[in-house]
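Spelled out, the chains give:
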Amino acid sequence: MPEKFIFKPSDLATLKDNYDLVVIGSGGAGLTSAIQARELGLHPVILEKMDKIGGNTTRASSGMNAAETTVQLDHQIVDSFQDFYQETYNGGGKLNNVELLKYFTEHGALAIDWLAQHGIKLDDLTITGGMKVMRTHRPSSLAPIGGFLVSELLKQADRLNIPVFTGVKVIKLEADDDQITGIQAVANQHEINIKTSAVILASGGFGASAELLKKYRPDLAKYKTTNQPGATGDGIALAEKIGAKLVDMDQVQIHPTVQQDTDHAYLIGEAVRGEGAILVNRDGKRFVNELDTRKKVSGAIDDLDGTGAWLIFDQGIRDRVKAVEFYDHIGLVKTGASVAALAESTGLNADNLKQTVEKWNGFVEKHNDSEFGRATGMDRNIVKGPFFSIHIAPAVHYTMGGVGVNKETQVLKDDGTTIKGLFAAGEVVGGLHGNNRIGGNSIAEIVVFGRQAGQQAFKYLKQTD
Ligand code: ADP
């Protein structure tokens, strides 16, 4: 086993009062943009308010979507930017910002290559809800993408000597005549002022802010959240204060498969269904195309009158999704030597569950789900014991709304002009996903637009030199 890499955040005593570029947030978008900017010759600093690095990115499990990649060709999958665009657009209720979507779908393959050039290889593929082909790239170890990506990006940040400060919360963006001049932050109750001409907002969404959810989506108050506690939409408020326009703030994604029988809500990655799991109701019967969009699957589970639903899968599927080892380790998985035994341990009707699984295996064999029209995630049946179930229900997962940007990641004002020197990437941005984010598109977004933000910040600073 290679030695586990442990990244050491910078000592607060070394924080300077002047940087060419300040990156707010240490999730995937912040790390990618800082690495890109550093490789172009800038000297960025990353400020992270939490003690822990990585934000919600560390919790992502499925993978990174991209089309027309060499990895896909290695798997004999011929894909197109156009199909990726169209499927994301359909999945987003055709409400996606098309300028962002076009850039996004046409730059995913480059982003996969860029990662590979940095030793971050995503050469296995899976599929997520709403996509018609395997375009969700993941490491061949099948490790959950988020933790893998953050730790690999941190190795690069370390190699490039990019300072990352934790426990530093940015509380204000300073601007003069719509041009960034600095930021204000707090660390250990001390106020810090940093001069800078460029800021990249990579501060994530607001899925953990009861206050903002109440403001924009009071109907979601009953849901738990899968988000880390720091996902409170700070960047959105900071940008709004200096005139940024906000878009789609009421578009909040509910993720269909979240284990929440304890105090904590654990997201059960879409790859479990992508690799073949089915969902059943309390009667042990299927009730939905499990790989329809998150919006549709969540709606179908909510219609079950509060019972939640159960993911059912076998050892063959478990072998394809390493995250299941973690779910099992923390006690979220029920096991049975046979389907009937699984029904027993789960509290489901054994005859019905057996029938459901047999019927499903027949659909897999013919590659035709005549009951709910599922057409993906049918590469393997449910026959190899032991068998497993996880009880799930929907929870708040992702905020599609946020700061308005153009494809150069420049933050926009209501009148369409930009705030000079202010860039944004990742979940803090609104518009790309329309009314429903497709699984695998958030990791793709942070790499594609994180790179873009680093590049555009460099270009901006060169011009104003
Ligand atoms: P993305 O996926 O867009 O990169 P993440 O949720 O992974 O977003 O990361 C965003 C990070 O930004 C989180 O680690 C979060 O704690 C951090 N953050 C949020 N608000 C602030 C703030 N005001 N100052 C510094 N860091 C912040």
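For the structure, see preceding data.
Below is a short write-up of the structure. None of the values given here were measured: they were computed from a predicted structure.

1. Here's the deal with the side chain of Glu 270
In this structure, Glu 270 sits in the loop between strand 13 (266-267) and helix 8 (271-274). A polar side-chain atom of Glu 270 sits 2.7 Å from a polar atom in the side chain of Arg 294. Residues in contact with Glu 270, not counting those within four places in the same chain, are Ser 62, Thr 128, Gly 129, His 255, Leu 291, Arg 294 and Gly 439.

2. With respect to the nonpolar core
By size, the foremost hydrophobic cluster in this structure holds 100 residues, and its most contacted members are Val 22, Leu 47, Met 64, Leu 115, Ile 183, Val 403 and Leu 422. With ten residues, helix 14 (residues 441-464) is the single largest residue contributor to this core. Contacts of Ile 183, omitting those with residues within four sequence positions, involve Val 22, Leu 47, Val 170, Lys 172, Leu 173, Glu 174, Ile 192, Asn 193, Ile 194 and Val 199. Ile 278, Leu 353, Val 357 and Phe 388 belong to the second-largest nonpolar core, a separate cluster that totals 40 residues.

3. Overview of the site of the ligand
Around the ligand lies a shell of 26 residues, among which Ala 29, Glu 48, Asn 56, Thr 57 and Glu 427 are the nearest. A distance of 2.6 Å separates an oxygen atom of the ligand from a polar atom in the side chain of Thr 57. For the ligand, a nitrogen atom lies 3.0 Å from a polar atom in the backbone of Val 170. Across the complex, the protein chains shield 98% of the 580 Å² of accessible surface that the ligand would expose by itself.

4. Some points on the packing of helix 12 (residues 339-346) against helix 13 (residues 350-366)
Two numbers describe a pair of packed helices, the interaxial angle and the distance between the axes. Where helix 12 contacts helix 13, the axes come no closer than 8 Å and their chain directions differ by 130°. It follows that helix 12 is oblique to helix 13 by the angle criterion. Two packed elements cross with a definite hand, and for helix 12 against helix 13 that hand is right-handed. Mapping the contact onto sequence places Val 339, Ala 340, Leu 342 and Ala 343 in helix 12 and Ala 350, Leu 353, Lys 354 and Val 357 in helix 13.

5. Here we look at the packing of aromatic side chains
Taken as a whole, this structure holds ten aromatic pairs when the rule is applied. Geometrically, the ring pair formed by Tyr 103 and Phe 449 is tilted, given 5.4 Å between the ring centres and 35° between the ring planes. Of the two residues, Tyr 103 sits in helix 4 (residues 98-117) while Phe 449 sits in helix 14, which places them 346 residues apart along the sequence. Joined through ring pairs, the aromatic side chains of Tyr 266, Phe 326 and Tyr 327 make up one cluster. Above the plane of the ring of Phe 388 lies Arg 318, whose end atom (NZ or CZ) is 4.7 Å from the centre. Here the guanidinium or amino end of Arg 437 rests over the ring plane of Tyr 398, the centre of that ring lying 4.1 Å away.

What counts and how
Residues numbered from 1 in each chain as written. Predicted model: local features only at pLDDT ≥ 70, side-chain atom pairs only at ≥ 80, totals over all residues. Heavy atoms only, no water. Helix = DSSP H or I, 4+ residues; strand = E, 2+ residues; numbered from the N terminus. Polar contact = N/O pair within 3.5 Å; in protein donor to acceptor, adjacent residues only side chain to side chain. Contact = heavy atoms within 4.5 Å. Core = buried A, V, L, I, M, F, W, Y, C linked by side-chain atoms within 4.5 Å. Buried < 20%, exposed > 50% of the residue type's maximum accessible area, 1.4 Å probe, protein only. Near = heavy atom within 4 Å. Areas by Shrake-Rupley, 256 points an atom, 1.4 Å probe, with all protein chains shown as cover. Axes fitted to C-alpha atoms, helices over the stretch in contact; angles between N-to-C directions. Parallel < 35°, antiparallel > 145°, perpendicular 65-115°, else oblique. Left-handed = near helix turned anticlockwise from the far one by under 90°. Phe/Tyr/Trp six-rings, centres within 6.5 Å; stacked < 30°, edge-to-face > 60°. Lys NZ or Arg CZ within 6 Å of the ring centre and 35° of its normal.

Nothing here speaks to function; it is geometry throughout.
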